[in-house]
Amino acid sequence: MKLNISVKGTEDIAFWNNVDFCVGTGRAGLALTEEYLKELSFVQDIIGFKHIRGHGLFTDDLAIYHKRKDFFTGEVTVEYNFTYLDRIMDAYLERNIVPFLELGFMPNEMASGTQSVFYWKGNTTPPKDYNDWTTMVTVTLSHLVKRYGEQVYSWPIEVWNEPNLPGFWKDADMNEYFRLFKETFLAIKKLDARFRIGGPAICGVRDKEWMQAFFDFCKKEGIKPDFATRHHYTTELPKPQGHYGYQQLSNPELGFLNLQSSRDIIDSFEEFKGMEMHLTEFNTSYIPNCPLHDTNENAAYLAYQLERLGETSYSYSYWTFGDVFEERGVPFTLFHGGFGLVAHGNIPKPTFWTFAFYKRLQDAAKRCVYKGRNGVIVETKDGGYQGIFWNLSDSEQVDIQVKLPAEDKEYTLLKETVDEVTTNPLKAWHDLGEPRNPSKSEIEIIRRFAYPFCESDILTKSRGKVGFDVTVRPHGVVYAELKKRCFEGDTGFTYGRRE
């Protein structure tokens, strides 16, 4: 397939690139482990997300909520313990990231039932006493403000996770969730109106019904959330085999239409029109054992997603930054189809680079001059250009010819290629025999195959434009940057001369 892109120079195309706003994580308690923090540091050093969102703030492994019964009097006293919470928050702030707080799940001593989800058994039933719940929430927020200051008021707060699924909220009881939201919202706003609170945190099951009913409820009760939240996954039902679930990618256009339906529902209310909609989870597959996550195909598909998600959503949080994750138990092997951008040993997966490339565009962009199904190009603040090009095909190569307006005589072209030929740590692991627990030397070998292939060239302006070609192999992602070339050199040095 051949594609010609010719930019006139007058374009200013709508392109909301908020790629670094938030990223997902396994349950909060995992942040107490060494490998987790190593992976987060690696991701932050290269990409640098602003917020991090995950489950488990109030589950028993963080030990926040306790009931103590006096041995002599029998009197029951509620106590709160923030030892682990503080360690986690300190670790986040040391890595220049702050939480997107998800309020859940239910402490077992507070829960009305025993239903739980995941290997680590997060309780997913309503509280026995809503006053106990709201007191715990407000005491926790007060503690965070005392320890970390007024910045906490800017940390977004989401009430629960996927209440439209019976596994995450007992019986998927809509009215009970609405009560949880109302009680929580009012208690937090009473504590301080500066806190920002949103919901309903739904996934793509009966999502239109839930979104409509949620905002009908908010309107009726006179509640105005600060933002709306939902999730976005783009695969068909899994086909199980052994420890894994194999899934086919769905048509991306159907996913964009589904997101637009939520946007339209929100905007149909005069009171809520234009409200921020945050995708607090998104990925291709919604299971942590889908081999697709580790592939170049995933990277190319996500490149198209990141170009389009800003059309409906203020932010979109990739689920997750790393493979320290235990929803279905401890993984058996290095590559296991985990959600993470990074595998154990700080091995960046191909999708990692898709996010890193979009972050570069975000930091440098002055305006968007091209946006299409195979690429996006921005003009940079220093008069150059940056672009990302991808290929969703599994068999056909895409050859792209790019022509851009030029002011200077010479430009430096930098290209980084991530595809199944150049950047494929999964294949390197496979070729080594798929070691379940690779040695340090094997980790180093695999890591060598996890970085983009880099090229550079010098381009000269012709007839007011500068042109270059980009070849994108199947499931490939290519980053290209055009910089004004300012040649300095040194007396007597001639590049390429050897005698």
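(A) Molecular detail of the overall build of the protein. The number of helices and strands found in the protein is 10 helices and 26 strands. Expected size for 499 residues packed as a compact globule is a radius of gyration near 23 Å; at 25 Å, the protein falls within 12% of this value. With the principal axes as the frame, the protein shows a C-alpha extent of 95 × 55 × 50 Å. Counting over 499 residues, the protein shows a buried share of 58%. In the protein, the share of contacts with a sequence separation of at least 24, taken over all contacts with a separation of at least 6, comes to 75%. Averaging the locations of the 58 positively and 70 negatively charged side chains of the protein gives two centres separated by 3 Å.

(B) Inspection of the packing of aromatic side chains at higher detail. All chains considered together, the criterion is met by 45 aromatic pairs. Here the aromatic rings of Y177 and F181 are separated by 6.4 Å at their centres, their planes lie at 45°, and the arrangement is tilted. Taken together, the positions of Y177 and F181, both in helix α4 (residues 174–191) and 4 residues apart, correspond to about one turn of that helix. Residues Y177 and F181 agree in their burial class; the two are buried. The ring centre of Y479 lies 4.6 Å from the NZ or CZ of R360, which sits over that ring.

(C) Region of the structure containing the sheet that holds strand β19 (residues 365–372). Strand order in the open sheet formed by 6 strands is β19-β20-β21-β26-β23-β24, and the pairing between neighbours is antiparallel. Only two strands of the sheet have a single neighbouring strand rather than two, namely β19 and β24 (453–460). Going from strand to strand, the sheet's axes swing by 15° on average, the running direction of each strand aside. Summarising the sheet, β19 and strand β20 (residues 375–380) pair through 6 bridges and their orientation is antiparallel. Following the sheet pairing, A365 is matched in β20 by T380. Docked against the sheet, helix α8 (residues 350–364) engages β19, β20, β21 (385–390), β23 (410–418) and β26 (477–484), running at close to 155° with respect to β21.

(D) Examining the layout of surface pockets more closely. The volume enclosed by the largest pocket comes to roughly 610 Å³. As for the largest pocket, its lining consists of 30 residues, and the residues nearest its centre are E162, C203, G204, Y233 and Y286. Of all the secondary-structure elements, those providing two or more residues to the lining of the largest pocket are β12 (227–233) and α6 (252–267). In terms of residue count, the dominant contributor to the lining of the largest pocket is β12 (4 residues). Partitioning the lining of the largest pocket into residue classes produces 12 nonpolar, 11 polar and 7 charged.

(E) Highlighting the environment of Y370. Note on placement: Y370 falls in strand β19. On the accessibility criterion, Y370 (18% relative accessible area) is buried. If sequence neighbours within four positions are ignored, Y370 has contacts with L3, I5, V7, I13, G375, V376 and I377.

(F) Region of interest: empty space enclosed by the protein. Taken as a whole, this structure holds 3 cavities of 30 Å³ or more when the rule is applied. Estimates place the volume of the largest cavity at around 130 Å³. Considering the residues around the largest cavity, the lining is formed by 15 residues, among which A28, G54, M89, Y92 and P99 are closest to the centre. Sorting the residues of the lining of the largest cavity by element identifies β3 (51–53), α2 (83–94) and β7 (101–103) as the ones contributing at least two each. Examining the composition of the lining of the largest cavity, we find that 3 residues originate from one element, α2, more than from any other. For the lining of the largest cavity, the class distribution of residues is 9 nonpolar, 4 polar and 2 charged. Approximately 40 Å³ is the volume found for the second largest cavity. Lining the second largest cavity are I377, Y385, Q386, G387, F389, L404, F468, A480, E481 and L482. Elements that contribute at least two residues to the lining of the second largest cavity include exactly β21 and β26. Considering each element in turn, the lining of the second largest cavity owes the most residues, 4 residues, to β21.

Criteria and cut-off values
Residues numbered from 1 in each chain as written. Predicted model: local features only at pLDDT ≥ 70, side-chain atom pairs only at ≥ 80, totals over all residues. Heavy atoms only, no water. Helix = DSSP H or I, 4+ residues; strand = E, 2+ residues; numbered from the N terminus. Rg over C-alpha atoms; globule rule 2.2 N^0.38 Å. Buried < 20%, exposed > 50% of the residue type's maximum accessible area, 1.4 Å probe, protein only. Contact = heavy atoms within 4.5 Å. Lys, Arg positive; Asp, Glu negative; His and termini not counted. Charge placed at Lys NZ, Arg CZ, Asp CG, Glu CD. Phe/Tyr/Trp six-rings, centres within 6.5 Å; stacked < 30°, edge-to-face > 60°. Lys NZ or Arg CZ within 6 Å of the ring centre and 35° of its normal. Pairing = 2+ DSSP bridges. Axes fitted to C-alpha atoms, helices over the stretch in contact; angles between N-to-C directions. 1 Å grid on protein atoms, 1.4 Å probe; cavity = no way out; pocket = protein on both sides within 12 Å on 5 of 7 lines; lining within 4 Å. Points joined across faces, edges and corners; volume = space filled by probe spheres on them. Nonpolar A, V, L, I, M, F, W, Y, C, P; charged D, E, K, R; others polar.

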